[in-house]
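Here are the chains, one letter per residue:
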Amino acid sequence: MTTDKLSESVTQASEEMKYGERDIAEGKLITFPNPRVGRRYDINITLPEFTCKCPFSGYPDFATIYVTYIPDERVVELKALKLYINSYRDRYISHEESANQILDDFVAACDPLEATVKADFTPRGNVHTVVEVRHHKYP
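Residues numbered from 1 in each chain as written. Predicted model: local features only at pLDDT ≥ 70, side-chain atom pairs only at ≥ 80, totals over all residues. Heavy atoms only, no water.

- An unreviewed UniProt entry annotates the protein chain as NADPH-dependent 7-cyano-7-deazaguanine reductase originating from Nostoc flagelliforme CCNUN1.
- For the record of the protein chain, the UniProt heading Function (unreviewed entry) holds the text "Catalyzes the NADPH-dependent reduction of 7-cyano-7-deazaguanine (preQ0) to 7-aminomethyl-7-deazaguanine (preQ1)."
- In the Sequence similarities (unreviewed entry) part of its UniProt record, the protein chain is described as follows: "Belongs to the GTP cyclohydrolase I family. QueF type 1 subfamily." (UniProt positions renumbered as here; feature names shortened; annotations may be inferred.)

This is the structure we're talking about:
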């Protein structure tokens, strides 16, 4: 293969959407039936590779997202949650709004009895931010 053809091939490959990017773009929160409806139990999920962009500076922000919930009739599928969280990578969104949006989308998807989303952001500029938001389903 000539250098020109190789360069053209690499350029075409880099312009095409990769399968992981496609999975993230098409991803949505998927749920399945709770195997123990009526039993109160906690599910704790840690997502240590959350990234988004500061809506003011455009700098990347990094966080660990903690989701704790008590399911009602539906449980969130973990791979779908991973892809959903990865969809924030290129979003310009504040720390506060990202935690609130994750909770809103999570509640809309699986309607838990209780849920907490804690976003623990990596310090930047000597500032460490932790945002914790809660949902309680009332009868």
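1. A word on the side chain of D61
Part 1 of the reasoning: Inspection of the secondary structure puts D61 in strand 3 (residues 60-70).
Part 2 of the reasoning: Look at D61 and you get buried, because its relative accessible area is 4%.
Part 3 of the reasoning: In terms of polar contacts, D61 uses its side chain to reach the side chain of H95, at 3.4 Å.
Part 4 of the reasoning: Side chain to side chain, D61 and R124 meet in a polar contact 2.7 Å long.
Part 5 of the reasoning: Contact partners of D61, with chain neighbours within four places excluded, come to F50, T51, C52, K53, C54, H95, F121 and R124. (Helix = DSSP H or I, 4+ residues; strand = E, 2+ residues; numbered from the N terminus. Buried < 20%, exposed > 50% of the residue type's maximum accessible area, 1.4 Å probe, protein only. Polar contact = N/O pair within 3.5 Å; in protein donor to acceptor, adjacent residues only side chain to side chain. Contact = heavy atoms within 4.5 Å.)

2. Remarks on the pattern of salt bridges
Part 1 of the reasoning: For the structure on display, the rule yields six salt bridges.
Part 2 of the reasoning: Where K137 meets D72, a salt bridge forms, and the shortest distance between an N and an O atom there is 2.6 Å. Linking K137 in the segment after strand 6 (130-136) with D72 in the loop between strand 3 and strand 4 (74-76), this pair joins segments that are 65 residues apart in sequence.
Part 3 of the reasoning: By relative accessible area, K137 is classed as partly exposed at 31%.
Part 4 of the reasoning: Between K137 and D111 there is a salt bridge whose closest N-O contact spans 2.8 Å. Of this pair, K137 sits in the segment after strand 6 while D111 sits in the loop between helix 4 (95-110) and strand 5 (114-121), and the two are 26 residues apart along the sequence.
Part 5 of the reasoning: Overall, D111 belongs to the partly exposed group, its relative accessible area being 37%.
Part 6 of the reasoning: The network of salt bridges with shared partners includes D72, D111 and K137. (Salt bridge = Lys/Arg side-chain N within 4 Å of Asp/Glu carboxyl O.)

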